[in-house]
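Results of the structural survey
Listed below are the residues making up each chain.
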Amino acid sequence: MTRGKKKLFWIAPAAILGIALFVFIGGEIVMRLWNWLLPGLFGWRQIAFWQGLGILALCRILFGGFGSHRSGRPHVRRRIQERMAERYASMTPEERERARQSWRGRCGFGPTTGESTGPGQ
């Protein structure tokens, strides 16, 4: 058996054991926190380990997704940022100010201090 195969032979069982331990600890923590807090606060009934594990999985699906929230392609993000920087650098000061105002409006920020809020001001 070659050295690489020996290493793989030990890594696979260790990875499986690590995943099982992670799942067990996660389910146990959710179950204990639920049983410690929610029956006393809201009068809800206690849950078992498997229900805690189910809640953990449900939260992962609803709030965590199935992968990373960030783009898996950082080179794409970098290219977009570079293009935006190039466009901004080629703008005149008036165009830059119009772009800033446009982004403030899109992002929900109102006019900055000293700017008018519209007709009648």
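Since this is a predicted model, take the numbers as computed values, not measurements.

Right, let's talk about the packing of aromatic side chains for a bit. Considering all chains together, one arrives at four aromatic pairs under this definition. Through a chain of ring-to-ring contacts, the aromatic side chains of Phe24, Phe49 and Trp50 assemble into a single cluster. The ring of tyrosine 88 carries arginine 96 above its face, with NZ or CZ at 5.0 Å from the centroid. Lying across the ring of tryptophan 103, arginine 106 places its NZ or CZ 5.1 Å from the centre.

Our focus in this paragraph is the layout of surface pockets. Empty space within the largest pocket amounts to approximately 160 Å³. Along the walls of the largest pocket sit Met84, Arg87, Tyr88, Met91, Arg96, Ala99, Arg100 and Trp103, which together make up its complete lining. For the lining of the largest pocket, the secondary structure elements donating two or more residues are α3 (74-89) and α4 (93-106). The leading source of residues in the lining of the largest pocket is α4, at four residues. Looking at the lining of the largest pocket residue by residue, the classes come out as five nonpolar, no polar and three charged.

This part covers the pattern of salt bridges. Going through the model one piece at a time under the given rule, you end up with three salt bridges. As a salt-bridge pair, arginine 32 and glutamate 28 come within 2.8 Å of each other at their nearest N and O atoms. Here the residue arginine 32 and the residue glutamate 28 both occupy positions in helix α1 (residues 3-42), the gap between them amounting to four residues, near one helical turn. Note on glutamate 28: relative accessible area 18%, which makes it buried. Here the salt bridges do not stand alone but share partners, grouping Glu97, Arg100 and Arg104 into one network.

About the cut-offs
Residues numbered from 1 in each chain as written. Predicted model: local features only at pLDDT ≥ 70, side-chain atom pairs only at ≥ 80, totals over all residues. Heavy atoms only, no water. Phe/Tyr/Trp six-rings, centres within 6.5 Å; stacked < 30°, edge-to-face > 60°. Lys NZ or Arg CZ within 6 Å of the ring centre and 35° of its normal. 1 Å grid on protein atoms, 1.4 Å probe; cavity = no way out; pocket = protein on both sides within 12 Å on 5 of 7 lines; lining within 4 Å. Points joined across faces, edges and corners; volume = space filled by probe spheres on them. Helix = DSSP H or I, 4+ residues; strand = E, 2+ residues; numbered from the N terminus. Nonpolar A, V, L, I, M, F, W, Y, C, P; charged D, E, K, R; others polar. Salt bridge = Lys/Arg side-chain N within 4 Å of Asp/Glu carboxyl O. Buried < 20%, exposed > 50% of the residue type's maximum accessible area, 1.4 Å probe, protein only.

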